[in-house]
Amino acid sequence: MSFESERPEPAISFAPMTLADIDRVLIVERAAYGYPWSHGVFRDCLSAGYSCWLLEQGVGRQLHGFAIMSIGAGEAHILNLCIHPDRQRRGLGSQMLDHLHGVAGARSVRRLLLEVRPSNTAAGALYERAGFSIIGTRKGYYPAACGREDAVVMTLDVLPEYMAQSHDSARPDLARP
């Protein structure tokens, strides 16, 4: 019989992505996607000033996921939200979505937008649980083994309580990017 208590997992943290992080991000991207983004795409997102975030855990800052979101004209477009396959189904995707929601509210965004593969049922269910609604389809949007796959387009209105946080200077975790 063991009397050792289970240790709680170290806290999750969010950090702005930098150019120095791209190689670590690519490991997660390639593990999760059959058609991963290239180093150049990540570099371009950072150069364009997109809101790019890492989801890390522990003192060693183990990277479990990341997200990239463009913001403009009162809307935020989640371009990539990725959790390493070994860490999926543990609530990390929900935590990242919540973080992005807060970032969007802090930037006075009224609506979040994203695309998801219909074949990615776990991600689609995550977005539906988060309150996203389907608003359309983009035909042939994604590369796929048999040619192209459509994208389901989803949207979520940014909640007023997130908008109120936009004036909360005590939230450095929501600062730019």
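Check the entry above for the structure.
Numbers given to residues run from 1 along each chain, matching the order in which its sequence is written. Local features in a predicted model are, by the rule used here, given only for residues with pLDDT of at least 70; side-chain atom pairs are given and counted only at 80 or more, and totals for whole chains, interfaces and linings are based on all residues. Calculation of side-chain values draws on the structure's entire complement of heavy atoms; hydrogens and water are dropped beforehand.

1. What to know about the sheet that holds strand β6 (residues 133–144)
Move 1: Strands pair, by our definition, only if DSSP identifies at least two bridges between them. Secondary structure elements are defined from DSSP: runs of H or I of at least 4 residues count as helices, runs of E of at least 2 residues count as strands, and each element is numbered from the N terminus. Spatially, β1-β2-β3-β4-β5-β7-β6 is the arrangement adopted by the seven strands of the open sheet, whose pairing is mixed. Strands at the two margins of the open sheet, each flanked by one partner only, are β1 (12–16) and β6. In this sheet, neighbouring strand axes are inclined to one another by 25° on average, regardless of whether the strands run parallel or antiparallel.
Move 2: Across six bridges, strand β5 (residues 111–116) lies against strand β7 (residues 147–157) in antiparallel orientation. By the bridge assignment, valine 116 is partnered in β7 with valine 152.
Move 3: Contacts are assigned to residue pairs with any non-hydrogen atoms lying within 4.5 Å of each other. For helices, the fitted axis covers only the stretch in contact; all axes are lines through C-alpha atoms, and the angles between them, taken along N-to-C directions, range from 0 to 180 degrees. On top of the sheet, helix α2 (residues 39–47) reaches β2 (51–57), β3 (62–72) and β4 (75–83); it is set at about 55° to β3, its chief contact.
Move 4: This element, helix α3 (residues 92–106), spans β1, β2, β3, β4, β5 and β7 of the sheet and lies at about 155° to β4.

2. Quick look at unusual backbone geometry
Move 1: Phi at arginine 89 takes a positive value of approximately 65°, unusual for a residue other than glycine.
Move 2: By the element assignment, arginine 89 lies in the loop between β4 and α3.
Move 3: Exposed residues in this analysis have more than 50% of their type's maximum accessible area, buried residues have under 20%, and partly exposed residues fall in between, with area computed by a 1.4 Å probe over protein chains only. Arginine 89 gets classed as exposed once you look at its relative accessible area, which sits at 76%.

3. Here's the deal with the pattern of salt bridges
Move 1: Each reported salt bridge corresponds to a side-chain nitrogen of Lys or Arg within 4 Å of a carboxyl oxygen of Asp or Glu. Following the criterion strictly, the structure yields eight salt bridges and no others.
Move 2: Where glutamate 75 meets arginine 111, a salt bridge forms, and the shortest distance between an N and an O atom there is 2.6 Å. Highlighted residues: glutamate 75 in strand β4 and arginine 111 in strand β5, separated in sequence by 36 residues.
Move 3: Taking the relative accessible area as the measure of exposure, arginine 111 reaches 26% and is therefore partly exposed.

4. Quick notes on the side chain of histidine 84
Move 1: Residue position: histidine 84 is located in the loop between β4 and α3.
Move 2: Residue histidine 84 is classed as buried on the basis of its relative accessible area, which comes to 17%.
Move 3: Histidine 84 has contacts with Val28, Ala31 and His64, leaving out every residue within four places of it along the chain.

5. Here we look at the packing of aromatic side chains
Move 1: Aromatic rings from Phe, Tyr and Trp, with only the six-membered ring used for Trp, were paired whenever their centres fell within 6.5 Å, and each pair was classed as stacked if the ring planes differed by under 30 degrees, edge-to-face if by over 60, and tilted otherwise. A full pass over the atoms with the stated rule returns four aromatic pairs.
Move 2: Note on tyrosine 141 and tyrosine 142: the rings are 4.9 Å apart at their centroids and 90° apart in plane angle, and the pair reads as edge-to-face.
Move 3: Linked through ring pairs, Trp37, Phe42 and Phe66 together constitute an aromatic cluster.

All we've got here are geometric facts, nothing functional implied.
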